[in-house]
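Residue strings, one per chain:
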Amino acid sequence: MLIFTYIYVKMSPELLKNKSQYKNVLSIMDSSEWLLFISTFIRRKNSVTRIYWVYLFVGLLAGVYMSLSNNVAEIEHRIWIVGLTGGLLLSLLISPVLHELVHALSFKFFGAKTINFRWNWNLFRFNVQANDFVLSKKSYFLICAFTFFLFSVIPLMTAFYATGVWLFVLLSLSFFHALYALKDLAVCSYLYKFPNCYIYSSDEDKTIFYKSLP
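The rules behind the values
- Residues numbered from 1 in each chain as written.
- Predicted model: local features only at pLDDT ≥ 70, side-chain atom pairs only at ≥ 80, totals over all residues.
- Heavy atoms only, no water.
- Pairing = 2+ DSSP bridges.
- Helix = DSSP H or I, 4+ residues; strand = E, 2+ residues; numbered from the N terminus.
- Axes fitted to C-alpha atoms, helices over the stretch in contact; angles between N-to-C directions.
- Contact = heavy atoms within 4.5 Å.
- 1 Å grid on protein atoms, 1.4 Å probe; cavity = no way out; pocket = protein on both sides within 12 Å on 5 of 7 lines; lining within 4 Å.
- Points joined across faces, edges and corners; volume = space filled by probe spheres on them.
- Nonpolar A, V, L, I, M, F, W, Y, C, P; charged D, E, K, R; others polar.

The next thing to look at is the sheet that holds strand E5 (residues 197-201). Taken together, four strands build an open sheet; the order of strands is E1-E6-E5-E4 and the sheet is antiparallel. Here the strands that pair on one side only, and so sit at the sheet edges, are strand E1 (22-28) and strand E4 (133-136). Ignoring strand direction, the axes of neighbouring strands in this sheet form an average angle of 25°. Of the pairings in the sheet, the one linking E4 to E5 comprises four bridges and is antiparallel in character. When the bridges of E5 are listed, Ser136 appears paired with Tyr198. In the packing of helix H3 (residues 31-41) onto the sheet, contacts are made with E1 and strand E6 (207-212), and the angle to E1 comes to roughly 105°.

A few words on the layout of surface pockets. The volume enclosed by the largest pocket comes to roughly 390 Å³. For the largest pocket, the lining is made up of 27 residues, of which Trp34, Val128, Gln129, Lys183 and Thr207 are closest to its centre. Every element with two or more residues in the lining of the largest pocket is listed here: H3, helix H5 (77-109), strand E2 (115-120), strand E3 (125-130), E4, helix H8 (182-191), E5 and E6. When its residues are assigned to classes, the lining of the largest pocket shows 13 nonpolar, seven polar and seven charged.

Here's what the structure looks like:
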């Protein structure tokens, strides 16, 4: 805990605003800017996006394999319809809340004092905003990797041991949460090119990216 406290003190908002050491490279304020940001950086070619697209491709193959193994053609239509719809509803109503709750708890752990929750209809997702808070690139990567593993990878792995309606629920949840995580992955994709950078959340719901100067 002392280590994380030390990191938080060193990466304070006051230090980031010292232009001799850190530079503001990008600011994002509203939903339209976020939509442009996500659509731009989810398509950038780097290790983050490659892992993401490989996961979706492997997930598709795994879904086809499990469906064939369970003789999906012989299963009643209502079972896989209920399963796929159930997974979609979980991805829209339950997993987003849990996903953002993990983010909020992580922000509190790393030193955030105030956190606001808000549903964003334009992005169709919850927004978690920690006011006047700084998070390092490594910490953000860790948080995003954990939530993606928890709500996409684990359901896909668990689906191998499921049958009937639960097979389709887990496959659907795994896929739709991967789509929900696009914002996190786009941020990771953007930060990937900077070796030493930080995310600052202001009191005005603005997200600012800083990089350290050589």
